[in-house]
Amino acid sequence: MSKKYDVYGIGNALVDIVTEVGDDFFEKYKIEKGFMTLVDEQRQFELIEAIHLPSSNLACGGSAANTVIAASQFGSNCFYSCKVANDDMGKFYLKDLRENGVDTNLTDGTAPEGITGKCLVMTTPDANRTMNTFLGITATYSTDQIDEDKLKDSSYLYIEGYLVTSENGQEAMKHAKKLAEKHGVKTALTFSDPSMVKYFKEPMEQVVGASVDLLFCNEEEAMLFTGKSSLLEAREELKKVAKKFAITQGANGAMIFDGDTFIDIEPYKVKAVDTNGAGDMFSGAFLYGITHGHSYAEAGKIASLASSKIVSKFGPRLEWHESKEVLNHLFD
């Protein structure tokens, strides 16, 4: 029997504030480049003021949100479980999700008092992305936000690694995975960021448990998680915790394990201006592919081409017509 949703995502609901800065900005404000760092609201406000927010772009984000929106734009039916407050940013978040065709547990008028989380995404001229995140109310994301009936009616549960930073987030991850296993729903997990594996390795291992059906990570995350110094060693070690996996390699494409063999996915050569959202786009496009009759090799090509288009522009998502152009280019 077919499921209503292709992907049921869980993750932090953050309004992304995307802007451009120079390396000197990181030096002046003592920001660790290339990582996601959790900050309090006052610190984030200080940085936003220094950058001059009006020149920035706003979008509903968070790693898993970017992924389910990408999958939706390609043609997947998606549900996103998250938590926002009843402030202006929370209302903006719900509206943006709906406009991108994603169903959600969020409803008008039922959001609690509080402050919706925000992620300051700073892009440098070398196309690197650095994030300073104030979680706001999404720091209290818990098992209460998970809709078992909607999850049961999904092909894949997609878990965002950033949830591992809080105990309630860890519980939500494990609870959702347990429900997925109970109802025969496959579990996909993304490590999200090297810092999640570096600083939260033990709880991440607990979430992974015996194994996940599909794992998304980049080279650095793969080696940090497995404790191996080479990608060839890391990929062998990952077989012990993931039935299938995709390792993104930036300008070198990606490496996919389909459960039997390794598949090298060629990169599409572009001039990168912003790497923000590239991994999220890869996951979303890939999930669309494997839930719509494509092989892992074909899904990898969709994901690689979509990611190349993301890094050649600012912001973490494509326009609807750009997603269709990717599919037309590969399969028409």
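Values in this document were obtained by computation on a predicted structure and should not be read as measured data.

**Quick word on the overall build of the protein**
Per the secondary structure count, the protein includes 13 helices and 14 strands. Whereas a compact globule of 332 residues would reach a radius of gyration of roughly 20 Å, the protein reaches 18 Å, a difference of no more than 12%. Across the 332 residues in the protein, those meeting the buried criterion constitute 57%. Looking at the protein alone, contacts between residues at least 24 apart form 75% of all its contacts between residues at least 6 apart. For the protein, the centre of its 34 positive side-chain charges and the centre of its 49 negative side-chain charges are spaced 3 Å apart.

**Focus: helix α9 (residues 219-226)**
All of the buried residues in α9 are Glu221, Ala222, Phe225 and Thr226. Seen along its axis, α9 keeps its buried residues to an arc of 115°; they face one direction. Where α9 is buried, its residues touch α7 (194-199), α8 (201-208), β11 (212-218), α10 (231-238) and β12 (242-248). If you check the start of α9, you find a side-chain oxygen 3.2 Å away from the backbone N of Glu220, and it comes from Asn218. The positive-phi residue at the C-terminal boundary of α9 is Gly227, with phi of around 75°.

**Structural notes on the sheet that holds strand β9 (residues 154-160)**
Spatial strand order, β6-β5-β1-β9-β10-β11-β12-β13-β14: nine strands in an open sheet with mixed pairing. With partners counted over all chains shown, the strands left at the sheet margins are β6 (102-104) and β14 (262-265), one partner each. Strand-to-strand twist across the sheet, computed as the mean angle between neighbouring axes with direction ignored, equals 20°. Pairing geometry for strand β5 (residues 78-81) and β6, over three bridges, is parallel. Across the sheet, the residue bridging to Cys78 is Val102, located in β6. Contacting β11 and β12, α9 crosses the sheet at an angle of about 115° to β11. Here α10 sits on the sheet in contact with β11, β12, β13 (254-257) and β14, set at roughly 150° to β12.

**Side note on the pairing of β11**
On any regular strand, side chains alternate: one points to one face of the sheet, the next to the other face. Of all seven residues in β11, six are buried, a share of seventy percent or more. Direction of pairing for strand β10 (residues 186-190) relative to β11: parallel, over a ladder of three bridges. Counted as the bridge partner of Thr190 is Phe216 from β11.

**Quick notes on the sheet that holds strand β3 (residues 36-38)**
With mixed pairing, five strands are arranged side by side in an open sheet as β3-β8-β7-β2-β4. The sheet is open, and its two borders are formed by β3 and β4 (57-61), each paired with just one other strand. With strand direction ignored, the average angle separating the axes of adjacent strands in the sheet is 25°. Along the sheet face, helix α2 (residues 41-51) touches β2 (14-20), β7 (117-123) and β8 (129-134) and points at about 40° away from the line of β7. Docked against the sheet, helix α4 (residues 88-99) engages β2, β4 and β7, running at close to 70° with respect to β4.

**Thoughts on the packing of helix α6 (residues 167-182) against α8**
Between α6 and α8, the shortest axis-to-axis distance is 9 Å and the interhelical angle comes to 15°. Comparing their axes, α8 and α6 come out roughly parallel. Seen along the crossing, α6 lies across α8 with a hand that is right-handed. Judged by residue contacts, Gln170, Met173, Lys174 and Lys177 of α6 engage Pro203, Gln206, Val207 and Val208 from α8. Of the residues belonging to the contact of α6 with α8, the class tally is four nonpolar, two polar and two charged.

**Section: the pattern of salt bridges**
Applying the stated rule across the entire model yields 14 salt bridges. A salt bridge links Asp126 to Lys33, with the shortest nitrogen-to-oxygen separation between them at 2.7 Å. With Asp126 in the loop between β7 and β8 and Lys33 in the loop between α1 (23-29) and β3, the pair connects residues that are 93 residues apart, well separated along the chain. The exposure class of Asp126 is partly exposed, given its relative accessible area of 46%.

**Remarks on the pairing of strand β1 (residues 5-10)**
In terms of residue burial, β1 counts as a mostly covered element, since six of its six residues are buried. Relative to β5, β1 is paired through four bridges, and the arrangement is parallel. Looking at the pairing, Gly9 lines up with Tyr80 of β5.

**Let's talk about the environment of Tyr8**
The residue Tyr8 is located in strand β1 in this model. Sequence separation of Tyr8 and Lys182 is 174 residues, and the distance between their C-alpha atoms is 15 Å. Excluding residues that lie within four positions of it along the chain, Tyr8 makes contacts with Phe79, Ser81, Gln145, Ile146, Asp147, Lys150, Leu151, Ser154, Tyr156, Leu157 and Tyr158.

**Section: the side chain of Ser304**
Looking at the element boundaries, Ser304 is found in helix α12 (residues 296-311). Look past the residues within four positions of Ser304 in its chain and what remains in contact with it is Ile265, Glu266, Pro267, Tyr268 and Phe282.

**Some points on the nonpolar core**
If you look at the biggest cluster of nonpolar residues, it comprises 47 residues, and the most contacted ones within it are Tyr93 and Phe286. If sequence neighbours within four positions are ignored, Tyr93 has contacts with Asn12, Ala13, Leu14, Val15, Cys60, Gly61, Ala65, Tyr80, Cys82, Val84 and Leu106. Counting residues in each nonpolar core, the second largest holds 46 residues, with Ala180, Met204, Ala222 and Met255 among its members.

What counts as what
Residues numbered from 1 in each chain as written. Predicted model: local features only at pLDDT ≥ 70, side-chain atom pairs only at ≥ 80, totals over all residues. Heavy atoms only, no water. Helix = DSSP H or I, 4+ residues; strand = E, 2+ residues; numbered from the N terminus. Rg over C-alpha atoms; globule rule 2.2 N^0.38 Å. Buried < 20%, exposed > 50% of the residue type's maximum accessible area, 1.4 Å probe, protein only. Contact = heavy atoms within 4.5 Å. Lys, Arg positive; Asp, Glu negative; His and termini not counted. Charge placed at Lys NZ, Arg CZ, Asp CG, Glu CD. Arc of directions from axis to C-beta. Polar contact = N/O pair within 3.5 Å; in protein donor to acceptor, adjacent residues only side chain to side chain. Pairing = 2+ DSSP bridges. Axes fitted to C-alpha atoms, helices over the stretch in contact; angles between N-to-C directions. Parallel < 35°, antiparallel > 145°, perpendicular 65-115°, else oblique. Left-handed = near helix turned anticlockwise from the far one by under 90°. Nonpolar A, V, L, I, M, F, W, Y, C, P; charged D, E, K, R; others polar. Salt bridge = Lys/Arg side-chain N within 4 Å of Asp/Glu carboxyl O. Core = buried A, V, L, I, M, F, W, Y, C linked by side-chain atoms within 4.5 Å.

All quantities given are derived from atomic positions and should not be read as evidence of function.
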